[in-house]
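Descriptive structure summary
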Amino acid sequence: MIVNTGRVSTQQRRYGALAGIAAAAVAIGSAELVAVLTGARSAPLVAVGGVVVDLVPEPLKQFAIDVFGVHDKTALLVGTGVLLAGFAALIGVRTLRVPLVGYAGIALFGLVGAIAALTRPGAGAGAVLPSLVGAALAAGVLRRLRAVLVPAPWPDAPLVESTVPSLTGAREVAEREGAAGREGAAEREGAAERRESVEDRGAAERRELADREDFAEGRRRFLTGVGVTLGAAALSGFGGRWIATRRGVSDARAAVTLPAPASPAPPVPAGADLSLAQLAPYTTPNSQFYRIDTALVVPQVDPGTWQLRIHGRVRNPITLNYADLLARPLIERDITLACVSNEVGGDLIGNARWLGVPLKDLLDEAGPLDDADQVVGRSADGWTCGTPTALMRDGRDAMLAVGMNGEPLPVQHGFPVRVVVPGLYGYVSACKWVVELELTRFSDFDAYWVPRGWSPEGPIKTQSRIDTPRSRNRLTPGPVTVAGVAWAQHRGIKQVEVQVDGGPWEQATLAPSASVDTWVQWSWQWQATEGDHTLRVRATDATGETQPSQPRPVAPDGATGWHTLQLTVR
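In this report, we go over the structure that sits alongside the text. All values reported here derive from a predicted model rather than from experimental measurement.

1. Some remarks on the packing of aromatic side chains
The tally for this structure, following the rule as stated, stands at nine aromatic pairs. Arranged with centres 4.9 Å apart and planes meeting at 80 degrees, the rings of Trp505 and Trp562 form a pair that is edge-to-face. Note that Trp505 is positioned in strand E14 (residues 505–507) and Trp562 in the loop between strand E17 (531–541) and strand E18 (563–569), a separation of 57 residues in sequence. Among the aromatic side chains, those forming a connected cluster through ring pairs are Tyr427, Tyr448, Trp449 and Trp454. When the ring centre of Phe445 is taken as origin, the NZ or CZ atom of Arg378, which lies over that ring, is 5.3 Å away. In this arrangement the basic side chain of Arg452 is found over the ring face of Tyr448, its NZ or CZ atom lying 3.8 Å from the centre.

2. Some points on the packing of helix H2 (residues 44–55) against helix H4 (residues 72–97)
Direction vectors running N to C along H2 and H4 enclose 110 degrees, while the axes themselves pass 10 Å from each other. Here H2 lies roughly perpendicular to H4, going by the angle between them. Between H2 and H4 lies a crossing of right-handed hand. Residue-level inspection shows Leu45, Gly49, Val52 and Val53 of H2 in contact with H4, the latter providing Leu76, Leu77, Thr80 and Gly81. Per-class residue counts for the contact of H2 with H4 are five nonpolar, three polar and no charged.

3. Focus on the sheet that holds strand E11 (residues 463–468)
Taking strand neighbours across the sheet as the criterion, the four strands line up as E11-E12-E16-E15 in an open arrangement whose pairing is antiparallel. Only two strands of the sheet have a single neighbouring strand rather than two, namely E11 and strand E15 (509–510). By the bridge criterion, five bridges tie E11 to strand E12 (residues 478–487) in an arrangement that is antiparallel. For Gln463, the partnering residue across the bridge sits in E12 and is Trp487.

About the cut-offs
Residues numbered from 1 in each chain as written. Predicted model: local features only at pLDDT ≥ 70, side-chain atom pairs only at ≥ 80, totals over all residues. Heavy atoms only, no water. Phe/Tyr/Trp six-rings, centres within 6.5 Å; stacked < 30°, edge-to-face > 60°. Helix = DSSP H or I, 4+ residues; strand = E, 2+ residues; numbered from the N terminus. Lys NZ or Arg CZ within 6 Å of the ring centre and 35° of its normal. Axes fitted to C-alpha atoms, helices over the stretch in contact; angles between N-to-C directions. Parallel < 35°, antiparallel > 145°, perpendicular 65-115°, else oblique. Left-handed = near helix turned anticlockwise from the far one by under 90°. Contact = heavy atoms within 4.5 Å. Nonpolar A, V, L, I, M, F, W, Y, C, P; charged D, E, K, R; others polar. Pairing = 2+ DSSP bridges.

Okay, structure coming up:
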C-alpha cells in the first residue's frame, strides 16, 4: 500500500496522471448527459471548441481546413480532447502532493467550460450546468482515487512514496536490514547475535511480504477504480450523445413531404456527365457534398417551430413559418456551390438540384429601403453572412432552399431551410439553418468572416480542375483521357484548355451543362509519351475572362492559379 514518506515515485506519478485523466473523462461524460437537457452546445468540449473556432488565428484555421478538409471539426474536437487529457494528467500528479492545487485545476476547467457555454448564441443560464456538474463529479472521483493512492489522511503530511514502491525497493530494504544484521553479528561475534540476525532477517522478510501484499492490493483497488470510472464516463458520454441524437430532428425531416415545384428544373442534358472513373459526377450526391461551417454540433431545428424573420431596413417586416414557406410557389434549379477556402484543384465544391422559394419575391414583399445594400443571414447557431441585396434581386435564382437532390435538406446541410445564391462563395451567401434575414448596410455591420480578414463580397472566380488522371496513377504510353471540371457560376464556361510540358494550349471538349450556374465537365485526348510530364489546365468564362495564372491564396476572396499535375508515363 502507498504511504507518506515525502517523495513521489515515478510509478505513483503515472498512477496520479491516470487518476486525473479518469476524473476528466467523468467530467466530459457526465456533462454530455446533462447537456441532453440544456442543449448540445452547452457541453464543455463543444462549447470550448466553439470558442476556439471563433478565436483561433485565421491562418491556423485555414491550415486545419487544408489538412483535414471536411473533417476539420472532428480534428478540432480530438485535439481539444488530447489537450484536456494532458492538463488532467498534470492535475492528477499535482493532487498527490498538494490536493488543493489539483482541485483548483478542476474548478478552473469547470469555470472555463461554463463561461464558454454562456458565450454561445442563444445560451441561457442553464448552459453552465453541464460544466459545473461535470467539474463537481470529477473532483469527487479524483478525491476517491487519491484516497486509494494515499491512504493516510491528507493533508497531514507531505506525500508520497510507498515504503515498498516496487519489488526492487522492497528487496533493497531487506538487503539493507540483512547487511545491518550481518555487521552486528560480526561485531558481537556470538551465537546469540547470529540467532538474532536470523530472526531479524525473518522479520524483514515477513515485513517485505506484508508490504508487497498491501501494495499489490492497493494497486488492484486503484486500477479497478480507474477502470470502473472510465467505463461509467464512456457510458454516460456516448449515452448522452445518443439520446441527443434520438431527440434530434431526423424523424421530423422524414415526415416532410415537399411540394412539386411551380418552376421545375429542366432535365440534365444528355452527356453532361461523362461517367469517367475519378471524375466528379455532374450531380454530387448529398452524402458526398462538402460541408464547411463553424458548427461543431449540427443544429437541430424543428420545422414545426421554425420561423424566419425578414426585418431591419425594410418597409414591411415579414415573419414566416415552415408551412408558409412550403405553400409558396417553389423553383427548382441546378446550382454549384463552392467554398472560398477551396484551394486550386481542391474538392470543396459540389453541384446539386435545389428546391426553394425565390428570395427576390420575399425581399420585394418586405420592401428594402434604398440604402439597405446588405442582407445579413443569421443561422440558428448565431453564425452570420452578408450578401449584397442587389445580387439577391437581380434575377439570378437566389432562394430559400428547402430541398436538395429531390429530398428535404439533410440536417448537416441546413435543414429545414438554408440560403442558396448562385455565383457567390458560401461565406457570403450560403447561410444554413437560417432563422433571420436582416436588411442593413455594409457600412453598419460586418458578418462573421469579415473581421477575420475576408472580403465583404465574394464573387466566385473562374476555376478549373484536372480530376483524371491523377499523380498516383500508373500510365503507359498511348492515348490517355484527361478530364475534369470547370466553373464560373452565373457567368458560365466558354472554353477549357490543357497544356503539356509548357507547350501550346490545346482546347478541350466541353460536355453540356444545365445552366451557367453549374460547373461543366471537360475532356481532352492526350497521346502520352514515356517520361515525366507536367499538365496544366485553365478555363475562360462566358465574358471572355481567362482564369489568371498567378497563384494566390484563398484569403481574402478565393484562390487563383492554374491546376498543375505531375505525371509519370512508363
